[in-house]
Amino acid sequence: MLAAFVNSFKIPELRTRILFTIGLIFLCRILSTVPTPGADPTAMADLIQQQANQSGGGVMVLLNLFAGGAMSNLAVGYLGIMPYISASIIIQLMTAIIPQLERLSREGDVGRAKISQYTRYLTLIICVIQAFFWARGLEMMGSADRPIVLHPEGISFELISVLTMTTATMMLMWLGEQITDRGVGNGISLIITINIIASLPMAVTTAVQMYRVEEFGPFHIATLAFMMFFVTAATVAITQAVRKIPVQHAKRIVGNKVYKGGQNHIPLRVNYSGVMPIIFAEALMIIPTGLIPWVLGPERSVGFSTFFTMGGGPYMVCYTLMILFFSYFWVATQFHPVQMADDLKRSGAYVPGIRPGKPTAEFLNKTMVRITFVGALAITAIAVIPRLLASKFGVPYIIASFFGGTSLLIMVGVALDTMRQVESHLVMRYPDGDGFFKKGRSRGRH
């Protein structure tokens, strides 16, 4: 693997792409440090730290993690790239429902460009709405002795916040698209991953401090290290796991050419929905834990907030059920067995022992339902580990977040995808050299 890293910088085109990606990521991180005009970042940081100490990982702590610390800095890039992710998910779900969007998705590059344009417009709308409510929320936070919003309050501060945060998010979106086109990896995913990794030094510092004050002993450190290795390995396994459906290609004669038959397979991913069920579940669980206290007021929502405390029994039950539900929901909306069966039939291929057409579609659907159950259970277990460590074992959430959940799934998925892209460049230049996936590539060659 070390040789692969060295060889990556020996290829001029790949070296340029890597350095270009690093440079744009640096610009993205700058947006997480520029404070919003008229607000006090230190007051916000103290408020987040207070919530972390009281609840072991509240809503604000979770949002600050995915913003790469931009929330505690009250930075203009607080919204981050999440509005674009939300818009992409909405457009993707609507594509499966609205016939016009479905037709666009089948029109090749022109259709995809049109859908991307709609996604940008929706991102702009979501940014304006979220920035406005975030500005209103800042005016309600803090105390009379230490307010978060210093000056000017009211509509002036709200307009400034909407303008700066929306501009920062649209700039992040543009930088992410540039990384995808001219850099290495998926730019949007890389920005999210870097924001998560930005909290790693603070997590290590917190663990060292707890060790020094004897809250953590050598046994605790060894247990956490072993758990980190085990959970990461399990996440890689569930991300890579596929169910291979054998496909037999019949002999075809097209004009004067004869195409021999052969056997191939359709790889059905065990974790087909990826990290989306956890994102959906966390987004919906923010409603009872974060938004209802603002609507009902602090006094009237005390009992409700206590019932849905992050990491509590009712919260964990609802959180688990939502992940399981959205795992099947995503498969139901994005997996199209009828289309796959029709494509196989048109190409003269079939699944051995299964008749082409409707029986093949039913077989693929039944198989996907079964393996989705395994994948849903796996990502549910990975998702609840940080909550259990924070609520039941007293591990600070900034440390527990790296032991599973959305952060680990995103980091593993993005790392594997980026390494595959770099590997493709290395294989073209050094076909017999060492790569990141040497074992799998060697098997493929033989």
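Only a predicted model underlies this, so the values are computations on that prediction, with no experimental measurement involved. Along each chain, residues carry numbers from 1 onward, in the same order as the chain's sequence is written. In keeping with the predicted nature of the model, local features appear solely for residues at pLDDT of at least 70, side-chain atom pairs appear and are counted solely at 80 or more, and the whole-chain, interface and lining totals rest on all residues. Each side-chain value is derived from all of the structure's non-hydrogen atoms; neither hydrogens nor water enter the calculation.

It is worth spelling out the overall build of the protein at this point. Only DSSP runs of H or I covering at least 4 residues are called helices, and only runs of E covering at least 2 are called strands; the numbering of each starts at the N terminus. Along the backbone of the protein there are 19 helices and five strands. Looking at the protein residue by residue over its 446 residues, the buried ones come to 44%. Pairs of residues are marked as contacts when any of their non-hydrogen atoms sit within 4.5 Å. Taking as baseline every contact in the protein between residues at least 6 positions apart, the subset at least 24 positions apart corresponds to 71%. The method behind every accessible area is Shrake-Rupley, applied with a 1.4 Å probe, and residues are considered shielded solely by the protein chains displayed. Carbon and sulfur atoms form 65% of the exposed surface of the protein, whose accessible area is close to 23,600 Å². Throughout, exposure labels follow a simple rule: accessible area from a 1.4 Å probe, protein chains only, divided by the maximum for the residue type, with under 20% read as buried, over 50% as exposed, and the rest as partly exposed.

Our next topic: helix α9 (residues 187–197). In terms of residue burial, α9 counts as a mostly covered element, since eight of its 11 residues are buried. Where α9 begins, the side chain of Asn186 points an oxygen toward the backbone nitrogen of Ile188, at a separation of 3.2 Å. As used in this structure description, the phrase polar contact means that two N or O atoms lie within 3.5 Å; if the pair is within protein, one of them must be able to donate a hydrogen and the other to accept it, and residues adjacent in sequence are counted only when both atoms belong to side chains.

Further remarks concern the nonpolar core. It is characteristic of soluble globular proteins that their nonpolar side chains tend to be buried jointly. One finds Ile81, Ile89, Phe280, Tyr319, Ile323 and Ile399 to be the most contacted residues of the largest nonpolar core, which totals 59 residues. For this core, the element with the most residues is helix α18 (residues 405–429), which contributes seven residues. Beyond its immediate sequence surroundings of up to four residues, Tyr319 is in contact with Ile278, Ala281, Glu282, Met285, Ala383, Val384 and Arg387. Ala43, Met71, Tyr78 and Met165 belong to the second-largest nonpolar core, a separate cluster that totals 21 residues. The nonpolar core is taken to be a set of buried Ala, Val, Leu, Ile, Met, Phe, Trp, Tyr and Cys residues, with the residues joined through side-chain atoms within 4.5 Å.

What a helix is expected to span follows from its residue count: subtract one and scale by 1.5 Å. Between its terminal C-alpha atoms helix α16 (residues 358–392) stretches 49 Å, which fits the 51 Å expected from 35 residues at 1.5 Å a residue. By definition, a residue's bend is the angle between the axes fitted to the seven residues ending there and the seven starting there. Its axis deflected by about 30 degrees at Val384, α16 carries its strongest bend there, up to four residues before the proline Pro386. Backbone geometry just after α16 places Gly394 at a positive phi near 70 degrees.

Phi angles above zero are rare outside glycine, and Leu74 is one such case at about 50 degrees. Mapped onto the elements, Leu74 comes out in the loop between α4 (59–66) and α5 (82–95). Overall, Leu74 belongs to the buried group, its relative accessible area being 2%.

On to the packing of helix α11 (residues 218–240) against α18. The angle between two axes is taken between their N-to-C directions and runs from 0 to 180 degrees, where each axis is a line fitted to C-alpha atoms and a helix contributes only its stretch in contact. Packing of α11 against α18 brings their axes to within 10 Å, and their N-to-C directions diverge by 60 degrees. It follows from the interaxial angle that α11 and α18 lie oblique. Classified by chirality, the crossing of α18 by α11 is right-handed. In contact with Val231, Thr232, Thr235, Val236, Thr239 and Gln240 of α11, α18 contributes Leu408, Leu409, Val412, Leu416 and Arg420. Under the scheme applied, nonpolar residues are Ala, Val, Leu, Ile, Met, Phe, Trp, Tyr, Cys and Pro; charged residues are Asp, Glu, Lys and Arg; polar residues are all the others, including Gly. The class makeup of the residues in the contact of α11 with α18 is six nonpolar, four polar and one charged. Reported orientations rely on four angle classes, namely roughly parallel under 35 degrees, roughly antiparallel over 145, roughly perpendicular from 65 to 115, and oblique for the rest. Handedness of a helix crossing follows the sense of rotation of the near helix relative to the far helix, less than a right angle counterclockwise being left-handed and clockwise being right-handed.

Within the element layout of this structure, Thr166 appears in helix α8 (residues 155–182). Residue Thr166 is classed as buried on the basis of its relative accessible area of 9%. For Thr166, the side chain forms a polar contact with the main-chain oxygen of Val162, separated by 2.6 Å. Contacts of Thr166, omitting those with residues within four sequence positions, involve Leu124, Cys127, Val128, Ala131 and Ser161.

On to the side chain of Thr360, then. Within the fold, Thr360 resides in helix α16. Exposure remark for Thr360: the relative accessible area of 3% places this residue in the buried category. Setting aside residues no more than four positions away along its own chain, Thr360 makes contact with Ala341, Leu344, Val351, Ile354 and Arg355.

Moving on: the sheet that holds strand β5 (residues 349–350). Note: two strands are recorded as paired if DSSP finds a minimum of 2 bridges between them. Strand order in the open sheet formed by three strands is β4-β1-β5, with antiparallel pairing between adjacent strands. What marks the edges here is a single partner per strand, and that holds for β4 (262–269) and β5. The sheet contact formed by strand β1 (residues 242–249) and β4 spans eight bridges and is antiparallel. Looking at the pairing, Gln248 lines up with Gln263 of β4. Of the strands in this sheet, β1, β4 and β5 touch helix α15 (residues 337–346), which is tilted by about 170 degrees from β4.

Here the focus is a nonpolar patch on the surface. A grouping of Tyr328, Val369, Phe373, Val374 and Leu377 is seen on the molecular surface, where their side chains present a nonpolar patch of about 420 Å² in accessible area. Here the element with the most residues in the nonpolar patch is α16; it accounts for four residues. Here Tyr328 shows up in helix α14 (residues 313–334). Candidate patch residues must exceed 30% relative accessible area and have no salt bridge, after which like charges are joined if within 9 Å and Val, Leu, Ile, Met, Phe, Trp or Tyr side chains if within 5 Å. We count a salt bridge whenever a side-chain nitrogen from Lys or Arg sits within 4 Å of a carboxyl oxygen from Asp or Glu.

The next thing to look at is the packing of α5 against α14. Contact geometry for α5 and α14: axes closest at 9 Å, N-to-C directions at 55 degrees. Considering the angle they form, α5 stands oblique to α14. As α5 packs across α14, the resulting crossing turns out to be left-handed. From α5, Ile89, Gln92 and Leu93 reach across to α14, where they touch Phe329, Trp330, Thr333 and Gln334. Here the contact of α5 with α14 is composed, by residue class, of four nonpolar, three polar and no charged.

What follows is about the pattern of salt bridges. The full count for this structure, using the stated rule, is four salt bridges. The salt bridge involving Arg120 is made with Glu177; its shortest N-O contact spans 3.1 Å. Of this pair, Arg120 sits in helix α7 (residues 108–140) while Glu177 sits in helix α8, placing them 57 residues apart in sequence. Arg120 sits in the partly exposed class, given a relative accessible area of 31%. For Glu158, the salt bridge identified is with Arg136, shortest N-O distance 3.5 Å. With Glu158 in helix α8 and Arg136 in helix α7, this residue pair connects regions lying 22 residues apart in the sequence. According to the relative accessible area criterion, Glu158 is buried, its value standing at 8%. Assessed through its relative accessible area of 40%, Arg136 is described here as partly exposed.

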